[in-house]
Amino acid sequence: MKAHRSRTPKLIALLLHWHARVGMVVGLAIIGWGLSGLSHPIISRIQPVADAFTYKLDAMSTADLLTVAAASERAGITGEASAARLLAWRGRPYYRVVVADAVIWLDARTGELIPRGELDYAVHLARHYLGDQQSAIQSVESQTSFDDDYVYVNRLLPVWRVSFARDDGMRVYVDTASDRLGTVVNNTKAMTSTFFRNVHSWVFIENTALRLSLMSLCLLGGGLISLAGLLQYYLQWRAGRGWRPRPLLRLHRGLGLAVAITAVTFTGSGLYHLWQKQFLPSIAEVPPMAAALNKLSLDWPSLSPYLVQADLVNIDGDYYFRVWAGGELQYRRAANGQLLADGEAVHARAIAQAYIPVDAPLLAMRTVAAFAGEYGFVNKRLPVIALDYDNAEHLSVYVEPRSGALAAVVRDSDRVEGLSFSVLHKWHFIDGLGRTARDSISAFFAAGIALMFILGMVLYIRRWRRRLE
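Keep in mind that this is a model prediction, so the values were computed, not measured. Note on numbering: residues in each chain are counted from 1, in written sequence order. Since the coordinates come from a predicted model, pLDDT governs what is reported: local features require at least 70, and pairs of side-chain atoms require 80 or more to be given and counted, while whole-chain, interface and lining totals use all residues. Side-chain metrics rest on all non-hydrogen atoms present in the structure, leaving aside hydrogens and water.

(A) Main features of the overall build of the protein. Only DSSP runs of H or I covering at least 4 residues are called helices, and only runs of E covering at least 2 are called strands; the numbering of each starts at the N terminus. From N to C terminus, the protein includes 9 helices and 17 strands. A compact globule built from 469 residues should have a C-alpha radius of gyration of about 23 Å, whereas the protein, at 29 Å, is more than 25% larger. Its C-alpha atoms give the protein principal-axis dimensions of roughly 95 × 55 × 40 Å. Accessible area is worked out with a 1.4 Å probe on protein chains only. A residue is then buried under 20% of its type maximum, exposed over 50%, and partly exposed in between. Across the 469 residues in the protein, those meeting the buried criterion constitute 47%. Exposure was quantified through the Shrake-Rupley algorithm and a 1.4 Å probe, taking into account, for residues, occlusion by the shown protein chains and nothing else. Only carbon and sulfur atoms are counted for the fraction: they give 59% of the accessible area of the protein, which is about 24200 Å². When charges are counted, Lys and Arg contribute as positive and Asp and Glu as negative, whereas His and the chain ends are disregarded. Here the site of a charge means atom NZ of a Lys, CZ of an Arg, CG of an Asp or CD of a Glu. A gap of 19 Å separates the mean positions of the 49 positive and 40 negative side-chain charges of the protein. Both definitions apply: the radius of gyration is a C-alpha atom measure, and the globule rule equals 2.2 Å times residues to the power 0.38.

(B) The arrangement of the packing of helix α6 (residues 247-276) against helix α8 (residues 412-425) in detail. Axis definition: a line fitted to C-alpha atoms, over the contacting stretch in the case of helices. Angles run 0 to 180 degrees between N-to-C directions. Contact geometry for α6 and α8: axes closest at 9 Å, N-to-C directions at 150°. Overall, the two elements α6 and α8 adopt an arrangement that is roughly antiparallel. Helix-helix and strand crossings are classified by hand; for α6 and α8 the assignment is left-handed. Of α8, the residues touching α6 (which contributes T265, F266, S269, G270, Y272, H273 and Q276) are S413, D414, V416, E417, S420, F421, L424 and H425. Looking at the contact of α6 with α8, its residues break down into 5 nonpolar, 8 polar and 2 charged. Throughout, the term roughly parallel applies to angles under 35 degrees, roughly antiparallel to angles over 145, roughly perpendicular to angles from 65 to 115, and oblique to all others. By definition, turning the near helix anticlockwise from the far helix through less than a right angle yields a left-handed crossing, and turning it clockwise yields a right-handed one. By the convention used here, residues are in contact when the closest approach between their heavy atoms is within 4.5 Å. By the convention adopted, Pro, Cys, Tyr, Trp, Phe, Met, Ile, Leu, Val and Ala count as nonpolar, Lys, Arg, Asp and Glu as charged, and the other residues, Gly among them, as polar.

(C) Seen up close, the pattern of salt bridges. We define a salt bridge as a side-chain nitrogen of Lys or Arg found within 4 Å of a carboxyl oxygen belonging to Asp or Glu. Enumeration over the complete set of coordinates arrives at 25 salt bridges. Salt-bridge contacts for R197 lead to D148; the nearest nitrogen and oxygen are separated by 3.3 Å. Here R197, found in helix α4 (residues 187-200), pairs with D148, found in the loop between β6 (137-143) and β7 (159-164); they are 49 residues apart in sequence, far enough to count as distant. Taken together, the salt bridges that share partners define one network made up of R45, D431, R435, R438 and D439.

(D) Representation of the side chain of T183. By the secondary structure assignment, T183 is in strand β9 (residues 180-185). Given the relative accessible area of 9%, T183 is considered buried. Every residue in contact with T183, bar those within four places of it in the chain, is listed here: Y150, N154, R171, V172, Y173 and K189.

(E) How the structure looks around the packing of α6 against helix α9 (residues 435-468). Closest axis-to-axis distance for the α6/α9 pair is 8 Å, and the angle between their directions is 130°. The pairing of α6 with α9 is recorded here as oblique in orientation. The interaxial crossing formed by α6 with α9 has left-handed handedness. Between α6 and α9, the residues in contact are L248, L249, L251, H252, L255, G256, A258, V259, T262, A263 and F266 and S442, F445, A446, G448, I449, L451, M452, L455, G456, V458, L459 and R462, respectively. Of the residues contributing to the contact of α6 with α9, the split by class is 16 nonpolar, 6 polar and 1 charged.

(F) Structural detail: α8. In this analysis, the expected span of each helix is defined as 1.5 Å times one less than the number of residues it contains. Taking 1.5 Å of rise per residue, the 14 residues of α8 would be expected to cover 20 Å, and the 19 Å separating its terminal C-alpha atoms lies within 8% of that figure. Residues of α8 that are buried sit in contact with α4, α6 and β17 (405-410). Directly beyond the C-terminal end of α8, a positive phi value near 60° is found at W427.

(G) Structural detail: a nonpolar patch on the surface. Together, L220, L224, L227 and I261 give the surface a local cluster of nonpolar side chains, amounting to about 380 Å² of exposed area. Ranked by residue count, the leading element in the nonpolar patch is helix α5 (residues 208-238), at 3 residues. Inspection of the secondary structure puts L220 in helix α5. Note that patches include only residues with greater than 30% relative accessible area and no salt bridge, and the join distances are 9 Å for like charges and 5 Å for nonpolar side chains (Val, Leu, Ile, Met, Phe, Trp, Tyr).

(H) Spotlight on the sheet that holds strand β15 (residues 384-389). Read across the open sheet, the 4 strands follow the order β14-β15-β16-β17; overall the sheet is antiparallel. Sheet topology places β14 (362-368) and β17 at the edges, where each strand pairs with a single neighbour. Averaged over neighbouring strand pairs, the angle between their axes works out to 20° when direction is ignored. As judged from the 4 bridges shared by β15 and strand β16 (residues 396-400), these two strands associate in the antiparallel manner. In the strand pairing of β16, L387 is matched with V397. Most of the contacts of helix α7 (residues 343-355) go to β15, to which it runs at about 65°, and overall it touches β14, β15, β16 and β17. Only when DSSP finds a minimum of two bridges between them are two strands counted as paired.

(I) Fine view of the side chain of S36. Its location among the elements puts S36 in helix α1 (residues 2-46). Only 2.8 Å separates the side chain of S36 from the backbone oxygen of G32, close enough to count as a polar contact. Polar contact criterion, stated in full: a pair of N or O atoms within 3.5 Å, where within protein one must be able to donate a hydrogen and the other to accept it, and residues adjacent in sequence count only if both atoms are side-chain atoms. Of note is the side chain of S36, whose polar atom sits 2.6 Å from the side chain of H200. If we skip the residues at most four places from it in the chain, S36 touches F195, F196, V199 and H200.

(J) Inspection of the sheet that holds strand β8 (residues 171-175) at higher detail. An order of β6-β7-β8-β9 is seen for the 4 strands of this open sheet, with the pairing classed as antiparallel. Each edge of the open sheet is held by one strand with a lone partner, namely β6 and β9. The average undirected angle you get between the axes of adjacent strands in this sheet is 20°. In the packing of helix α3 (residues 117-130) onto the sheet, contacts are made with β6, β7, β8 and β9, and the angle to β7 comes to roughly 65°. Contacting β8 and β9, α4 runs over the sheet at an angle of about 80° to β9.

This is how it looks when you write it as structure tokens:
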């Protein structure tokens, strides 16, 4: 017992020594994360919101529709298509065909080449999603990679950036291959996004290894000194040591008691999230389609008097049109219209195996039509099909048959990390209180953590100055 009592003052002194010094090293990082975490609910509320989030295609009559092969021949276009699509726009049916990276629009009844079809359709979609039919268009530019304005979280590429001549600098990113909205960005969103990404995600450090190392050290240090502060308080209380009456010190300790555990959960879940992203599954590179235009001879009137759209897809090297006709989804061989039985399931399995070859039994195949659970809004694509495999990782692969894209890959480790991040970092466990209440509570603790570290740094600097006097 006496030995224990003799060790307590030494431990307290050790904690005091390193608590302050480690706090000074990681303090600016923790303060930055706390303030950016505090700002996130505010930023999300002042960002622009699209006027619409979906786009509905009109049905078209199949009477007099040319095949892709015939329309291409009339336009004098030859070669192989990496994409082909039939859709109705402005009361007319069109083919949107990609040949040698060039996007070509053809009138599906005459084969006439539509010179500005792609640009005009991009503007049409942008006006639809923004709800602005009046403002002049400043520019329309192709976007083939993510950048500071159109970040990775938006997922869709390639897209068109349609800039409007407005005081707010509005630009709308649209995917003409699927009629989808990428995002809307104005000057306010660009500025706040730049602030958040630099302060919270440290994108200003271009070297990934260096950024990962520094962030990890600061997260680990922040969590450890928060725990050390709690232990220090407990030991001093148990030893019956008095507390100095300085107001700043009392406020620092009081805040520490209130938010230290939250600081540990924020930094711990952030560190887990940071490292989990470094161990993604291996994804195979899938080559683009290369379908000979003169082989795309599907006769549309033989399917149905009306259809909504058709997209060319590749299934194990064979080409089909994924067609909404007669009120149902059908897979028809692009060369002769032969029906592929259970086409959506066959296609989904082929996509999944192309990206992630799995040598395990398929347990289930599910259609996912809404963001929920492990497949959240961040994945962007809907509807998708989930393929659940019977392997050690309980792998689930989410694919989008329409585009042939891999939407998400989820393993047990991803599920655990996702739950950790959702509960400990994003505070979704109090969603029942409402979004405003949840954001207010989490912002309060983020501000408390930042203030706790600010006070700690002020106290250390004051103590250091007194020693120099």
